[in-house]
Amino acid sequence: MGKIISVANQKGGVGKTTSSVNIAASLGSLNKKTLLIDIDPQGNATSGLGYNKRTIEKSSYHILTNQEKAKDIIIKTEFKKLDLIPANMDLAGAEIELVDIPDRINIMKKAIVSLKEEYDYIIIDCPPSLGLITLNALTVCDSVIVPIQCEYYALEGLSQLMATIRQVKSKYNSNIDIEGVLLTMFDGRLNLTMQVVDEVKKFFPNKVYKTVIPRNVRLSEAPSFGQPVIYFDKSSKGAKAYIDLSKEIIKKNK
């Protein structure tokens, strides 16, 4: 039985999609059958694996609006043991359409929970908001990875995310837990970075991953080539960090 992990933070620009893509690809490279689900209307996880969100006909939008079964939308990517449920342009309107659907919080749960039997890990890339689409991901997942950038406003909005997770836990998903907190855009030379690390560790005791994701040019370049960084440049610091992180996730879930 596999594990469903949502990657969520309503603050944009924290490395959420970069982490979703590279964790999923790294888990696959480590021989874990992995499914990446893109439910972010920006569709960057989809394009990060080399697919054009403008030309994709069936996507996670069709799951959220009860038009298609999840298994009929899965794409087998060219990357080792990595499948994708993509996003396309239609997803931008899904939030409004969901308002009129009965039991709208549990649509993803009904659609993808059976896929746990086919995958070791299912990674969900959430939108940078706490709307109905993100709530669907939090209702179906076993745990949440929270990426936090090592910058001045790092903890801004996190109390709101934690309050939402607590609410989901009490009403819809009693099993949900914090999988781990991931520090991104790390630069150990800066005093500010180390201050943020200390602050995050106080906020999330025993939940911060040992592996940190450094600022890395190759990591920034990889999406424009439609490749996870471990395939774009496996010797880069970014690639090594995501492999180490994925090993940490696997070890924790043994």
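Provided above is the structure to which this section pertains.
Caption draft 1: Structural context of the pattern of salt bridges. All told, the structure shown has 13 salt bridges when counted by the stated rule. In this structure, the salt-bridge partner of Arg189 is Asp187, at a minimum N-O distance of 2.8 Å. Salt bridges sharing common partners tie together Lys16, Asp40 and Asp125.

Caption draft 2: Main features of the sheet that holds strand S3 (residues 75-76). Strands sit in the order S3-S4-S2-S5-S1-S6-S7 across an open sheet of seven strands; the sheet is mixed. Strand pairing shows two members of the sheet lacking a second neighbour, S3 and strand S7 (177-184), which therefore form its edges. Pairing geometry for strand S2 (residues 34-38) and strand S4 (residues 82-85), over four bridges, is parallel. If you follow Thr34 over to S4, its bridge partner there is Leu82. On the sheet, helix H1 (residues 16-29) packs against strand S1 (3-7), S2, S4, strand S5 (121-125), strand S6 (143-149) and S7 and is oriented at approximately 165 degrees with respect to S5. Strand contacts of helix H6 (residues 132-140): S1, S5 and S6, with the helix running at about 150 degrees to S1, the strand carrying the most contacts.

Caption draft 3: Up close: the environment of Val7. On the secondary structure map, Val7 appears in strand S1. Judged by its relative accessible area of 0%, Val7 is buried. Sequence separation between Val7 and Ser143 is 136 residues, and the spatial gap between their C-alpha atoms is 8.8 Å. When near neighbours in sequence (up to four residues on either side) are disregarded, Val7 contacts Lys16, Ser20, Ile123, Ile124, Asp125, Cys126, Ile145 and Pro147.

Caption draft 4: Fine view of the layout of surface pockets. Of the pockets and cavities examined, the largest pocket occupies roughly 250 Å³. Lining the largest pocket are 13 residues, with Gly15, Thr18, Met185, Leu219 and Ser220 sitting closest to its centre. In terms of residue count, helix H9 (residues 217-221) provides more of the lining of the largest pocket than any other element does, three residues in total. Roughly 210 Å³ of internal volume is contained in the second largest pocket. Taken together, Glu179, Gly180, Asn206, Lys207, Val208, Tyr209, Lys210, Lys247, Glu248, Lys251 and Lys252 make up the lining of the second largest pocket. If you list the elements that add at least two residues to the lining of the second largest pocket, you get S7 and helix H11 (237-252). Per-element accounting of the lining of the second largest pocket gives the leading share, four residues, to H11. Taken together, the residues that form the lining of the second largest pocket break down as two nonpolar, two polar and seven charged.

So, how was this worked out
- The residue count restarts for each chain, going from 1 along the sequence in the order it is written.
- Two thresholds apply to this predicted model, a pLDDT of at least 70 for residue-level local features and 80 or more for giving and counting side-chain atom pairs, whereas whole-chain, interface and lining totals are computed over all residues.
- With hydrogens and water set aside, each side-chain value is computed from the structure's full complement of heavy atoms.
- We define a salt bridge as a side-chain nitrogen of Lys or Arg found within 4 Å of a carboxyl oxygen belonging to Asp or Glu.
- Here a strand pair is declared whenever DSSP counts at least two bridges between the two strands.
- The way it works is that DSSP assigns letters per residue, a run of H or I at least four long becomes a helix, a run of E at least two long becomes a strand, and they are numbered from the N terminus.
- Residue contacts are counted whenever heavy atoms from the two residues lie within 4.5 Å of one another.
- Helix axes are fitted to C-alpha atoms over the stretch in contact, other axes to C-alpha atoms as well, and angles between N-to-C directions run from 0 to 180 degrees.
- Whether a residue is buried, partly exposed or exposed follows from its accessible area with a 1.4 Å probe, protein chains only, as a fraction of its type maximum: under 20%, in between, or over 50%, in that order.
- Only protein atoms enter the 1 Å grid used here. Points where a 1.4 Å probe fits but cannot escape make up a cavity, open sets with protein on both sides within 12 Å along at least five of seven lines make up a pocket, and a residue lines them when an atom lies within 4 Å of a point.
- Grid points are joined across faces, edges and corners, and a volume is the space filled by probe spheres set on the points.
- Residue polarity is assigned by list, with Asp, Glu, Lys and Arg as charged and Ala, Val, Leu, Ile, Met, Phe, Trp, Tyr, Cys and Pro as nonpolar; anything else, Gly included, falls into the polar class.

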